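Coordinate analysis (summary)
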Amino acid sequence: MDEHQMMLLRAVLGSIIAIACLAFAARRVLVLFGIIKKSGRPTPDRPQSPAASTIVETQTVEVFGQKKLLAWTVPGIAHVFAFWGFVILGITVVEAFGELYIENFFFPIIGQWWIVLFAEDLFACLVLVGIVIFATIRLRNNPAKEGRYSRFFGSHTGAAWLVLFMIFMVVFTLLTYRGAKVNNFGDMNGAFASHWVAGILNPLGATANEWIETLFVLAHVSVILIFLLIVLHSKHLHIFVAPINVMYSRRPNALGPLLPIYVDGKPIDFEDPPDDATFGVGRIDDFKWKDLLDMATCTECGRCQSQCPAWNTGKPLSPKLMIMDLRDHLFSAAPYLLATAAKGNRDEMGERNELVLTSVGATVASEIERPLVGSREGDEHRDTDGYDASGHRSHEGPVIDEDALWSCTTCGACVQQCPVDIEHIDHFVDMRRNMVMIESDFPAELNGLFKNVEQKGNPWGMNASMRNAWIEEVDFDVRVFGMDGEDVIPDDVEYLFWVGCAGAYEDRAKRTTKAVAELMNVAGVEFMVLGEGETCTGDPARRAGNEFLFQMQAMQNVEVLNEIKAKKIVVTCPHCLNTIGREYPQLDGHYEVVHHTQLLAQLLREKKLTPVKHVDEKVTYHDPCYLGRHNKIYVPPRELVAAVPGVNLVEMERSVEKSFCCGAGGARMWMEETIGERVNVNRSDEALGTGATKIAVGCPFCNVMLNDGTTQRKQEGAASEDVEVLDVAALLLQSVKE
């Protein structure tokens, strides 16, 4: 066969393969667009077209910079090799398709530059190195051996191995055809790996090398196109959708404030809600299109799972598996969604289109009619959210296990860890909202929480008259708003001290309240408290899914704070910090809110507080989730601990952004923990393992939970009676008051 016939063979076979595969790929892209963008509800909290600065930032830092992936060094480097390998090898993809029609084709202008040829071969080799690293990681974290302790438990491991094989084949076919090309057409200066392969192929002779080049060009193109189809039909879809998901993600992240419920593009007015308003998410077609994009973007890497306090204490909740549950349900129900919501014929609440149900077949009809949330009692793998080690899960029963949904502490570890910016907490809370406000199906203990907040203005159900009780226990004057007839906060008051419910009613938190008040008094900071004018911020109600109750509490507080012209507020509770400072702006409540550790650290720097008494003890600090991950306040509490003379500060292994939750967030403070190990005991064990005699905290809920955990260990004889859990303010006060 002469060279013209050889080129004709390449062109004909290559064209047939390319046209067939690209046709299937195009069809799949259209289906995915219909499932995600058209089936999903509008996303009014995101711009339809992100600002240019946002696009540049997200794509530069997170996509091309791989910032979040590199937080885990070894797998991050492997991913950088793979990602940048395929970016650089994009040139060779163009060249391979060009080789189908033009002999000895190179990318225009730059294709024969030695630096380009060198970079192509270098990154081809680095991709192979990345494959070895990925394979090693998967073998060492084999879920068949490690069980739920493997971050890959529940992931589709077979598909992952297939993709690694396909990546290898891309590089193998590339270097083989380029090696033959070197022998057929002469030197490719800089392409060191191609030359090495050429040396292996050269003894086979000219004719063999001509055939090898042709066959492996066709093989290379075929592998690329088949790989494309695999990607579009698997979890590796993230290769294409992750950059889009990152671009439309909440900036700077999906931590901190929760989003309100939207109707017709505006936050819902709970005083006059529309008759057709959807409260939360009760079915897959209630999710917004960005939520569906999150599901399609999941890489099944398990970073979120490895950090989740619920999963790590034997609960059925894994953020990864929950997203996978929703994604698999979405794609299984796709034919119905494409025939209804995607065409603008969205079902009414509680209704399904019987005609479409009949047309899509029994399997799809059964899938779309599955309850979104409910009990999966009877599932032999219920303790692992229904999954076995190989990633198989039955499609019988509800999509989401209710025990998994209510195990979430909203700690934010999943969102913090996710390399593709999935917003897990938003989805979980949206499902809770539907369970609470529509289904009235939620843990019985929350009835008490909701009733107490609604009727008494605090979760404990205490009388408002008791909010000032702590003031009687201090030996200095505390100004209470309104006691001298004020209508607004006086000009000489620098801070409104928001005591919070725990700080007013819970004994251990009251110690913190008194310590902060005394330290401000010593430093000469003029502050005032609201006293009986305070009421719960609504944080626990919102995280439990009772958005209506949150809105009522928030509107009441914003009205009061705006009337008295509050500007600067100091709080001891990170949940109050987050709610007042970052959620109340949704209701036109704009204030400068600081955590007490921030204020006290500032007072130390200004020399208004001077620690003098030595505290010669080993101290470890526990980062509260809503102070640390949600609001990025890590340094001030440590400054306070380090400022105390004699203190030896030791860090727990899980600290700063990887801090392990105390177990109280997400309204878990008011729910019984009956599954697996208690989260607070797990965290207490870690703190005790440092050998510290004092465990410092910066949150009243953490104070309660870690006190309970260490008390349990003391009773069991596993901890010294000398161990004390206290707020950093109380520790500082011990040193300031010589």
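Our subject is the structure listed above.
Let us look at the structure shown here. Quick caveat, the model's predicted, so the values are computed rather than measured.

We now examine the overall build of the chain. Each helix and strand in the chain was counted, giving 30 helices and 13 strands. In summary, the chain has a C-alpha radius of gyration of 30 Å against a globular reference of 27 Å for 738 residues, a match within 12%. Projected onto its principal axes, the C-alpha positions of the chain cover 100 × 65 × 50 Å. A buried classification covers 58% of the 738 residues belonging to the chain. By sequence separation, contacts in the chain at least 24 residues apart represent 78% of the contacts at least 6 residues apart.

In this section: a nonpolar patch on the surface. The grouping of Ile-109, Trp-113, Trp-114, Ile-115, Phe-118, Leu-122 and Phe-192 at the surface amounts to a nonpolar patch, some 730 Å² of accessible area in total. In terms of residues, the nonpolar patch owes the most to one element, helix H5 (residues 114–140), which gives four residues. Considering the arrangement of structural elements, one finds Ile-115 in helix H5.

The strand order S5-S7-S6-S8-S9 describes an open sheet built from five strands, whose pairing is parallel. Of all strands in the sheet, those bounded by a partner on one side alone are strand S5 (479–480) and strand S9 (592–595). Sheet topology note: the strand S6 (residues 495–498)/strand S7 (residues 527–529) ladder contains three bridges and is parallel. Its bridge partner lying in S7, Phe-497 is registered against Val-529. Lying on the sheet, helix H25 (residues 574–583) is in contact with S6, strand S8 (568–571) and S9; it crosses S9 at an angle near 165 degrees.

What follows covers the packing of helix H26 (residues 596–605) against helix H27 (residues 635–643). It is at 8 Å that the axes of H26 and H27 come closest, and there the two elements cross at 50 degrees. Relative to H27, the element H26 is oriented oblique. Seen along the crossing, H26 lies across H27 with a hand that is left-handed. Of the residues in H27, those touching H26 at Thr-597, Gln-598, Leu-600, Ala-601, Leu-604 and Arg-605 are Pro-636, Pro-637, Glu-639, Leu-640 and Ala-643.

Excluding glycine, residues mostly carry a negative phi; peptide bonds, for their part, are mostly trans. In this chain, Arg-251 is followed by Pro-252 through a cis amide linkage whose omega measures 0 degrees. Note that Pro-252 resides in the loop between helix H10 (238–247) and strand S1 (262–263). Backbone geometry at Lys-607 places phi at a positive 65 degrees, although glycine is not the residue there. On the accessibility criterion, Lys-607 (69% relative accessible area) is exposed.

Scanning the entire structure with this criterion turns up 54 salt bridges. Ionic pairing is found between Glu-534 and Arg-467, a salt bridge with its closest N-O pair at 3.4 Å. Taken together, the residues span a long stretch of sequence, with Glu-534 in the loop between S7 and helix H23 (539–543) and Arg-467 in the loop between helix H20 (445–456) and S5 at a distance of 67 residues. Accessibility expressed as a relative area gives 5% for Glu-534, which makes it buried. Here Arg-467 falls in the buried class, since its relative accessible area comes to 3%. For Arg-605, the salt bridge goes to Glu-639, with nearest N and O atoms at 2.8 Å. With a gap of 34 residues between them, Arg-605 in helix H26 and Glu-639 in helix H27 connect regions that are remote in the sequence. Shared partners join several salt bridges into a network, and the residues in it are Lys-288, Asp-291, Asp-430, Arg-433, Asp-539, Arg-542, Arg-543, Glu-547 and Glu-583.

In this section: the nonpolar core. Counting 185 residues, the largest nonpolar core has Met-431, Phe-497 and Ile-569 as the members making the most contacts within it. Ignoring anything within four residues of it in the chain, the contact list for Ile-569 reads Tyr-495, Leu-496, Trp-498, Leu-561, Ile-580, Tyr-591, Glu-592, Val-593 and Val-594. Counting eight residues, the second-largest nonpolar core is a separate cluster that includes Ala-254, Leu-255, Cys-304 and Ile-425.

For the rest of this paragraph, the subject is the environment of Thr-157. Along the chain, Thr-157 turns up in helix H7 (residues 157–185). A sequence separation of 232 residues divides Thr-157 from Ala-389, and the C-alpha atoms of the two residues are 8.9 Å apart. Setting aside anything within four residues of it in sequence, one finds Thr-157 in contact with Arg-138, Pro-143, Phe-152 and Ser-390.

Read across the open sheet, the four strands follow the order S11-S10-S12-S13; overall the sheet is parallel. Each edge of the open sheet carries a strand with a single partner, namely strand S11 (648–650) and strand S13 (724–727). When strand polarity is set aside, the average angle formed by the axes of neighbouring strands in this sheet is 30 degrees. Bridge count for strand S10 (residues 618–621) against strand S12 (residues 694–697) is three bridges, and the pairing is parallel.

Right, let's talk about the packing of aromatic side chains for a bit. According to the stated counting rule, one finds 17 aromatic pairs in the structure shown. Residues Phe-168 and Phe-172 carry aromatic rings whose centres are separated by 5.8 Å and whose planes lie at 15 degrees to one another, so their mutual orientation is stacked. Of this pair, Phe-168 and Phe-172 both sit in helix H7, four residues apart, which is roughly one turn of that helix. The class of Phe-168 is partly exposed, set by a relative accessible area of 35%. Of the residues examined, Phe-172 reaches a relative accessible area of 37% and is grouped as partly exposed. Ring geometry for Phe-270 against Phe-548: centres 5.8 Å apart, planes inclined by 65 degrees, an arrangement best described as edge-to-face.

Moving on to H25. A large share of H25 lies buried, amounting to eight of its 10 residues. For H25, the full list of buried residues reads Pro-574, His-575, Cys-576, Leu-577, Asn-578, Thr-579, Ile-580 and Glu-583.

Inspection of the entire model under this criterion finds zero disulfides. Here Cys-536 is not cross-linked by a disulfide; its sulfur's nearest cysteine counterpart is in Cys-501, at 4.3 Å.

This part takes up the pairing of S8. Here S6 runs beside S8; their pairing, made up of three bridges, is parallel. By the bridge assignment, Phe-497 is partnered in S8 with Val-570. Relative to S9, S8 runs parallel, the two sharing four bridges. For Val-570, the partnering residue across the bridge sits in S9 and is Val-594. For the crossover that starts at S8, traverses H25 and ends in the parallel S9, the hand is right-handed.

A few words now on the pairing of S10. Summarising the sheet, S10 and S11 pair through three bridges and their orientation is parallel. Along S11, the bridge assignment pairs Lys-618 with Asn-648. Read as a crossover between parallel neighbours, the route from S10 over H27 to S11 is right-handed.

Time to look at the packing of helix H22 (residues 507–523) against H26. Put simply, H22 and H26 touch, their axes get as near as 11 Å, and they point 30 degrees apart. With respect to each other, H22 and H26 are oriented roughly parallel. Seen from above, H22 lies across H26 with left-handed handedness. For the pair H22 and H26, contact is made by Thr-512, Val-516, Leu-519, Met-520 and Ala-523 and by His-596, Leu-599, Leu-600 and Leu-603, respectively.

What counts and what doesn't
- Residues numbered from 1 in each chain as written.
- Predicted model: local features only at pLDDT ≥ 70, side-chain atom pairs only at ≥ 80, totals over all residues.
- Heavy atoms only, no water.
- Helix = DSSP H or I, 4+ residues; strand = E, 2+ residues; numbered from the N terminus.
- Rg over C-alpha atoms; globule rule 2.2 N^0.38 Å.
- Buried < 20%, exposed > 50% of the residue type's maximum accessible area, 1.4 Å probe, protein only.
- Contact = heavy atoms within 4.5 Å.
- Patch = residues over 30% accessible without salt bridge, like charges linked within 9 Å, V, L, I, M, F, W, Y side chains within 5 Å.
- Areas by Shrake-Rupley, 256 points an atom, 1.4 Å probe, with all protein chains shown as cover.
- Salt bridge = Lys/Arg side-chain N within 4 Å of Asp/Glu carboxyl O.
- Pairing = 2+ DSSP bridges.
- Axes fitted to C-alpha atoms, helices over the stretch in contact; angles between N-to-C directions.
- Parallel < 35°, antiparallel > 145°, perpendicular 65-115°, else oblique.
- Left-handed = near helix turned anticlockwise from the far one by under 90°.
- Core = buried A, V, L, I, M, F, W, Y, C linked by side-chain atoms within 4.5 Å.
- Phe/Tyr/Trp six-rings, centres within 6.5 Å; stacked < 30°, edge-to-face > 60°.
- Disulfide = S-S within 2.5 Å.
- Right-handed = clockwise from strand over helix to strand, strands pointing away.

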